[in-house]
Structures are given as C-alpha cells and as structure tokens.
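Each chain, letter by letter, is given below.
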Amino acid sequence: MLDARVTDQVQQVLDDFGAALAAADADRAAGMFVSDCYWRDLVALTWNLRTMEGRDQVADMLRHQLASAQPSGWKVDPVEPATEDGGIITAWIHFETAVGRGYGLIRLRDGQIWTLLTALQEIKGHEEAKGFARPLGAKHGAGKNRPSWLEEREAEAAELGYTRQPYVLVIGGGQGGIALGARLRQLGVPAIIIDKHERPGDQWRKRYKSLCLHDPVWYDHLPYIKFPENWPVFAPKDKIGDWLEMYAKVMELNYWSKTEAKSAHYDEAAGEWVVEVNRDGRDVTLRPKQLVLATGMSGKPRIPDFTGADSFKGDQHHSSAHPGPDAYAGKKVVIIGANNSAHDIAAALWEHDADVTMVQRSSTHIVRSNSLMEIGLGALYSEKAVQDGMTTERADLVFASLPYRIMHQWQIPLYDQMRERDKDFYDGLEKAGFKLDWGDDGSGLFMKYLRRGSGYYIDVGASQLIIDGDVKVVQGDVARILPEGVELASGQVLPADLIVYATGYGSMNGWAADLMGQEIADRVGKVWGLGSDTTKDPGPWEGEQRNMWKPTQQEALWFHGGNLHQSRHYSLYLALQLKARMEGIDTPVYRLQEVHHLS
C-alpha cells in the first residue's frame, strides 16, 4: 500500500527517534525498537560493520557512539514514499552524522522499529567529484608548457611508489582490488594495486577454459560502470577478464602487474607498513599507511597432503591450476571434490571425451540456475527488477538490510519452492548416488556461501551428466594416491591419468601468514563466516562476516573480497573508512572484531 498516511507515520517515528538521539537518551531511543530488533550499521555511526540485536545492544552502541556520531536529520526519502505489506511498513531514509551523510532502510512493526539499516554514503567536504561537481577535464585558456592529461598520468605512475608513497597498498588485483581501487581513486586516496599476473583480468583468463560466471549480470556490475544492456547473462571468464582490464585502464588505476609481495611488517613508530615487493624483476620497498589484502576468499588453494601423491605417474593439480580439457581426451580423470569447480571441470572434460569420475567426500547443495534466478534473485537482480525500477545500488541496500541472524528465515521458503519445483531433478541425482543437502537448516545456497563459502554447485548442466551416468560419482574418503590412481578408504581403486583436486580454498588470512607471519594472522583470526555454529562456521555468533571490509585486530590491516556483488557494494564502505583516516577524521570504532578462531 502506498499513501501519505504511512509515510507520515514513519516520519513521526523518525522525528521522535531523532529527538531522543539529540538528547543523548540512549535508553529512550532503544525503547522505540521492538524487543527482537536489528540495527545494522555500515560505518555511519560505528566506523565498523556491526549489527546490534535487541534493545540492550542498541542502547550500548548509542551510549558509546552518540557523542562522536551526532546523528541528525532523519527524513523519509521524498521520492520514495513508504509502503506497507503484511503489517510491516518499509521506508527509505536519509540522515546525517557529524562528518557524513547516510542513507538507509527502516521497517516498522506495530509502530516500532523492527529493522534499521544505516549506511554511510559520503564524508562531508570529501565528496566524490561527480554530477555537478564532476571535473572539467579540458584546461581552457592558454599556458606555456602545460602537461597534457597523458603526461600527468605518466608522471603520477612514475612517482607513486618511488618518490611518493601511496596511502593505501592493495595486494590482489582481481575484481575486489580493482573495485576498491576505483572507489579510492574517486575519493582522491593515493593507492597502488599490485598483482602477480601479467595483465588485469588474468585471474579469470588463466582459470579452466569452460569457466563462466554462475551469477547473473544484474548481480555482477562494478562501481561506476555497469555492464552494457547486451552483456550476456552469464559472462565467460575471458570476457570478464577483458572487462576488468578495460575497467582498470579507464578508471585510471595505478595497477602494478607482474608484481609480487614478498614480505610485510608494520612499523608502529612510523605508523606505516614496510612492504617488500618485486615488480617485474625489480625490488621495490613500499611504505603505505594502510594495507588491504584483496587476494580473494577463494585465493589460497587448499591442496590435500595425501599419502603417495608423489608416486602418481600421471598429471595432478588443484582446480585453480587446471589448464582445461584439451590434453585429456580419452584419458581417465578422477576429480576429488563435488562443488562448483568440480562440476564445471567434469563437464568440460566429458565434452572432450575424457572418462570422468567424481569423488564426493561430503554432501553438496545443488540449485538449478534457472530456479535460482527466478526464485532466489529475481526480485532484486533480474531484468524484470530493472524494468520495475530497481537499481543495483537499491538492490544492494535491500539485501544488506536483512539481518544475518534471521536471513535464513527468508531463504528457507525460497529453497523449499526450488526443491518442489525441481523434484524430478533431485530424485535423479540421488538415484545416481549423489549426496545432496540444503544446508544445515534448509536455507540453501546464500547462507552456505555466507557461512562457509563452499559446499554448493549452481547447476548449469553438469548435474544432468551425473544423472545420465556420463560422469560417474563415487562416495568415500581418499586413503592414498597410488602410481596408477586413487585408492579410497573402502579399498576401491580408481584408475587415473589425471587427478584434479577440487578441494577448495583456505581462510583469507592464510595470505597474511605467508606475507607477514603467523603471529599477525593469529592476531586477526579467522576471516569469513558468521559464527552460525553450522558446518565449517563455528560459533560464537558474530552477526557480520568475520574481519571483512572493517578494522581488524592488526592496526591498518584490512581484508576485502567476495563475489562481484560484495566487491562492488562493500568497497564503498571500506574506501570511506580509509579516506577518513587519510584525512585525519576521528574514527572511534565500536566493538572491534574479537578473535575466537585462528585460520
């Protein structure tokens, strides 16, 4: 329902809420929430990514942050009237803090606040140069020996990292590093992105040749430059690689390819990192104030140490190093693992006439691509959503407004629909001997991704090969590797000319251990997961992704990554945190991430 009455009701709540905050009355403000409430703040008040659950946590945050944050100006978005559905009133809101401007989403239940999202959008006095403030570009008038745009860019590239240090060093030049680099560029933060590959986009180009995005185009845009309207729904890896290379160039990023970080340590006295890198054969010492690891949540391969692996006579490699199927026509292939990469590689090998067996060691969640798009993503990320007026930025905030604690409650009915819709498909997989699951609580793919980042496959065709028996599946643990194949714990031997270890990736802070030592990695603790106390996501409950896009227990060390959606959305909040620190703005962090688990 759309009417002025509902909008007025929300504005009255906001007026009362703002008055309580202005009076620094944390208890009165917290009393305006229902008892089972959620306030998710993205940097605006907490200089952190935090979700406050229940009135006590709301009040505690306000007691700590009100004096510095000074939130004010709470208004319903004038171009987006509030709506009511099923007794829940929803409204987009504007607000300000002492140093910034924010946007958010509020939901009311029985006249009180049920969920509140507050997200910092810009810092006052340090706004991006866009719209009416966009740069002129051309230098009108006349002047002797004026440098051209190209000469200025070349001078910057020659200086930064040598005679002038970057404020931020981003290690990892995939979609995460590139998205963050673009945000920092627009905010005027000197930054260098380094990556060991020869060209931006090689992180995609050098993967197995059949790799395509399984997420649809509407979910995958980068900041500032969206994919064109004729971009394929599921982009092939080399197309994505070319887009990233183009993007890095036109966004004027200081991107050092063929550069590898060798070591890093934090100089507390100087308040800066000392990072030794090798750039195309030349050693360079960088001294950034802030260090971001954007090596990807799927960046450090987990390669099992199976007994006898060194005796194998054929080829063996991790899925991240798989060259493609061309050399394996007519060969026997054993793939250890049964998630996304395993399925993609198995299908491509079968297409090239390889004899493929997949070893499934634990159950896998599978969702058909069409069902996921229509039921799971359609309301926010689809052509219909676009035609209905849903922007990417608005969709990101809607998704961000759903509290992690109860997100599974929204997801379970969706996956129940998919299970019923595709019943024959799932029956066929189980008949073929494939073990399925729907997550520990039936909440499906998104919760598995957020909790553990593994354990699923978005089906784009490989499952039918399993159903038809074209790709064989066997169950069991690997006992050892033999010269001629793989022996399972049951004693069964699988002959192989090629073994592919589709065994996933370790925690992102494994890169921190390699680069700066185990002590710092342990100080930071586990990266990724919610603390849901489900499989591979041990408790206690965190309420946010561990150590992602926010301050860590190691000063000036940050983690950035995730899928294209997360790289796009959360790069804004990380960039704003870095910008504030560069400008000397006070950033009192509310409840720094505690460490409960190591890598």
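Please refer to the structure higher up on the page.
The rules behind each value
- Residues numbered from 1 in each chain as written.
- Predicted model: local features only at pLDDT ≥ 70, side-chain atom pairs only at ≥ 80, totals over all residues.
- Heavy atoms only, no water.
- 1 Å grid on protein atoms, 1.4 Å probe; cavity = no way out; pocket = protein on both sides within 12 Å on 5 of 7 lines; lining within 4 Å.
- Points joined across faces, edges and corners; volume = space filled by probe spheres on them.
- Helix = DSSP H or I, 4+ residues; strand = E, 2+ residues; numbered from the N terminus.
- Nonpolar A, V, L, I, M, F, W, Y, C, P; charged D, E, K, R; others polar.
- Pairing = 2+ DSSP bridges.
- Contact = heavy atoms within 4.5 Å.
- Axes fitted to C-alpha atoms, helices over the stretch in contact; angles between N-to-C directions.
- Parallel < 35°, antiparallel > 145°, perpendicular 65-115°, else oblique.
- Buried < 20%, exposed > 50% of the residue type's maximum accessible area, 1.4 Å probe, protein only.
- Polar contact = N/O pair within 3.5 Å; in protein donor to acceptor, adjacent residues only side chain to side chain.

### Some points on the layout of surface pockets
- Considered as a void within the structure, the second largest pocket measures approximately 1,200 Å³ in volume.
- Taken together, 39 residues make up the lining of the second largest pocket; nearest its centre are R107, A379, L380, M390 and V398.
- Secondary-structure elements contributing two or more residues to the lining of the second largest pocket are β4 (83-85), β5 (88-96), β6 (100-109), α9 (369-377), α10 (383-387), α11 (392-400) and α12 (404-421).
- Per-class residue counts for the lining of the second largest pocket are 23 nonpolar, eight polar and eight charged.

### Some words on the pairing of strand β22 (residues 485-488)
- Summarising the sheet, strand β21 (residues 478-482) and β22 pair through four bridges and their orientation is antiparallel. Across the sheet, residue L482 finds its bridge partner in β22, namely G485.
- In sequence, β21 turns back onto β22 through a hairpin of two residues.
- Bridge count between β22 and strand β23 (residues 493-495): three bridges; the pairing is antiparallel. When the bridges of β23 are listed, V486 appears paired with L494.
- Taking the residues that link successive antiparallel strands as the turn, the β22-β23 hairpin has four residues, and the phi of G491 there is positive, at about 100°.

### As for the side chain of T7
- Take T7: it is sitting in helix α1 (residues 4-22).
- If sequence neighbours within four positions are ignored, T7 has contacts with V76, P81 and A82.

### A word on the packing of α12 against helix α14 (residues 444-451)
- The N-to-C vectors of α12 and α14 enclose an angle of 150°; their axes lie 8 Å apart at closest approach. By the angle between their axes, α12 is roughly antiparallel relative to α14. Contacts from Y404, M407, H408, Q411 and Y415 in α12 reach G444, L445, F446, M447, L450 and R451 in α14.
- Across the contact of α12 with α14, the residue classes break down as seven nonpolar, three polar and one charged.

### Things to note about helix α16 (residues 509-516)
- Counting buried positions over the eight residues of α16 gives six, a clear majority of the element.
- Within α16, the full set of buried residues consists of N509, G510, A512, A513, L515 and M516.
- Following α16 by one or two positions, G517 adopts a phi angle in the positive range, close to 105°.

### What to know about the sheet that holds strand β13 (residues 282-286)
- Spatial ordering of the open sheet is given by β11-β12-β13, a layout of three strands whose pairing is antiparallel. In this open sheet, the two edge strands, each paired with only one partner strand, are β11 (259-267) and β13. Taking the axes of each pair of neighbouring strands and ignoring which way they run, one obtains an average angle of 15° across the sheet.
- Examined bridge by bridge, β11 and strand β12 (residues 272-279) share eight bridges and lie antiparallel to one another. Within the sheet, the bridge partner assigned to A264 lies in β12 and is V275.
- In the packing of α16 onto the sheet, contacts are made with β11 and β12, and the angle to β11 comes to roughly 80°.

### What about the side chain of Q360?
- By the secondary structure assignment, Q360 is in strand β17 (residues 355-360).
- A distance of 3.2 Å separates the side chain of Q360 from the side chain of T364, its partner in a polar contact.
- Once residues within four sequence positions are removed from consideration, Q360 is found in contact with A338, G433, F434, K435, V473, V474, Q475 and G476.

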